[in-house]
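Chain and residue survey
One letter stands for each residue in the lines below.
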Amino acid sequence: WATSALAKDCIGVVAAGATPFWVQVEAGARQAGQALDLDVHFRGPSREGRVETQLQMINWVLEYGCKALVIAPSGPEIAPRVQQLAGSGINTVYFDRDLPGSAVRGVVSTDNFLAGVQVGQALAVALGGQGKVALLRLKAGVLSTSERERGFRQGAEQGGLSILVDTFIGDDSQAAVDALREQLPQLAGVFTPNSTSSRAALAALRRLGKAGELVHIGFDGDPLLIEALSKGEIHSLMIQQAHAIGYQSVQLAAQSLRGELAPQPVNIALQVQQVNRENLAQWQRAREFELSGNP
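As the structure is a prediction and not an experimental result, all values here were calculated from the model.

Looking at the packing of aromatic side chains
- Applying the stated criterion across every chain, the model contains 4 aromatic pairs.
- Ring plane angle 75° and centroid distance 4.9 Å describe the contact between Phe-21 and Trp-22, whose orientation is recorded as edge-to-face.
- Using a relative accessible area of 8% as the deciding quantity, one classes Phe-21 as buried.
- By relative accessible area, which is 2% here, Trp-22 ends up buried.
- With 5.6 Å between their ring centres and 50° between their planes, Trp-22 and Phe-95 make a pair best called tilted. Of this pair, Trp-22 sits in helix 1 (residues 20–36) while Phe-95 sits in strand 4 (residues 91–95); the two residues are 73 residues apart in sequence, bridging distant segments of the chain.
- One aromatic cluster in this structure is built from Phe-21, Trp-22 and Phe-95.
- The ring centre of Phe-168 lies 6.0 Å from the NZ or CZ of Arg-137, which sits over that ring.
- If you follow Arg-148 out to its NZ or CZ, it ends over the ring of Phe-219, 4.3 Å from the centre.

Examining the side chain of Asp-220
- Topologically, Asp-220 is positioned in the loop between strand 9 (215–219) and helix 8 (223–231).
- For the buried residue Asp-220, which engages in no salt bridge, the nearest side chain bearing the opposite charge is Arg-148, 4.8 Å off.
- Looking at Asp-220, its side chain comes within polar contact range of the side chain of Gln-240, at 2.7 Å.

Considering helix 1
- Over its 17 residues, helix 1 runs 25 Å from end to end, which matches the ideal 24 Å to within 8%, given 1.5 Å per residue.
- Three or more residues of helix 1 are buried, namely Phe-21, Trp-22, Gln-24, Val-25, Gly-28, Ala-29, Gln-31, Ala-32 and Gly-33.
- Asp-37 sits one or two positions beyond helix 1 and adopts a positive phi of about 60°.

A short note on the sheet that holds strand 1 (residues 10–14)
- Pairing in this open sheet of 6 strands is parallel, and the strands run 2-1-3-4-5-11 from one edge to the other. Every interior strand has two partners, whereas the edge strands, strand 2 (39–43) and strand 11 (266–270), have only one. Taking the axes of each pair of neighbouring strands and ignoring which way they run, one obtains an average angle of 15° across the sheet.
- In terms of strand pairing, strand 4 meets strand 5 (residues 106–110) through 3 bridges, oriented parallel. By the bridge assignment, Phe-95 is partnered in strand 5 with Val-108.

As for the environment of Pro-100
- Looking at where Pro-100 falls in the secondary structure, it is placed in the loop between strand 4 and strand 5.
- With a relative accessible area of 69%, Pro-100 lands in the exposed category.
- Once the C-alpha coordinates of Pro-100 and Pro-76 are considered, the two residues, 24 residues apart in sequence, prove to be 9.6 Å apart.

Side note on the confidence of the model for the protein chain
- A residue-level look at the protein chain finds 95% of positions with pLDDT of 70 or above and a mean pLDDT of 92.
- Ignoring residues within four places in sequence, the model shows residues 1–7, a span with pLDDT below 50, making 15 contacts including any to other chains.

Re the sheet that holds strand 8 (residues 187–191)
- Read across the open sheet, the 6 strands follow the order 7-6-8-9-10-12; overall the sheet is mixed. A single partner strand is all that each edge strand has here, and the edge strands are strand 7 (162–168) and strand 12 (273–275). On average, adjacent strands in this sheet sit at an angle of 20° to one another, irrespective of strand direction.
- Direction of pairing for strand 8 relative to strand 9: parallel, over a ladder of 3 bridges. By the bridge assignment, Val-190 is partnered in strand 9 with His-216.
- On top of the sheet, helix 4 (residues 112–126) reaches strand 6 (132–137), strand 8, strand 9, strand 10 (236–239) and strand 12; it is set at about 165° to strand 9, its chief contact.
- Here helix 8 sits on the sheet in contact with strand 9, strand 10 and strand 12, set at roughly 140° to strand 10.

Thresholds applied
Residues numbered from 1 in each chain as written. Predicted model: local features only at pLDDT ≥ 70, side-chain atom pairs only at ≥ 80, totals over all residues. Heavy atoms only, no water. Phe/Tyr/Trp six-rings, centres within 6.5 Å; stacked < 30°, edge-to-face > 60°. Buried < 20%, exposed > 50% of the residue type's maximum accessible area, 1.4 Å probe, protein only. Helix = DSSP H or I, 4+ residues; strand = E, 2+ residues; numbered from the N terminus. Lys NZ or Arg CZ within 6 Å of the ring centre and 35° of its normal. Lys, Arg positive; Asp, Glu negative; His and termini not counted. Salt bridge = Lys/Arg side-chain N within 4 Å of Asp/Glu carboxyl O. Polar contact = N/O pair within 3.5 Å; in protein donor to acceptor, adjacent residues only side chain to side chain. Expected span 1.5 Å × (residues − 1). Pairing = 2+ DSSP bridges. Axes fitted to C-alpha atoms, helices over the stretch in contact; angles between N-to-C directions. pLDDT = per-residue confidence, 0-100. Contact = heavy atoms within 4.5 Å.

Here's what the structure looks like:
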């Protein structure tokens, strides 16, 4: 981003990655900017979770002269920087995830713990309230997916399931193969908490010849996962309101920029939708309507 003098107020938006989820978030953020007559400068690391890149991107936001920042914090290093920004009169809104105790004006995210509980309950129903399952986690320290994983464990165990495999795989399909291979005869289901871990597990299950045989519930709806869902290789996907996360976070930042918020931080928690083969076409129509210009 080059330094420039802008006629309109601007908001810097820093994502946590560049997956299709973040593309939808960006669409919502830019649509909010147009509606509110604000310039939105959107950037994100090429790979999920690069906190050092996010810190550089915060500096680029400052070069633009923006007085409000929206960011999905990828690590605790973001919190002290946000504190410094607050001292300089620059407001911050977190989206997609939170860092408790940060000096932010608000948080817009999925209700991640509840979403995880819903997955656990859905998997228990699909398996008739019994069976052993795998929890293939993303990575330590990511609050959004950690909350989904915590909620899933609670929902699954309350639903009668036992968790046989519980390990981190990141976006590594080989790690997923290694985690699943020896336990496959005993496993009935799998949960993955985001798009990259869902793709890794899908690739692993294909290599192991078990895609569509184990009940796999994943997270987010990029084209590869949607195609696998339509083929029956994935049981269902928990789809976040990515467009709304982008739109409402910029809307909240604009309110803070214009002095329209109360002193207390605002917490906006959005629900997920479970999409399966039965309601896939309906969900696709709704998403096309949303992306056509309706927040």
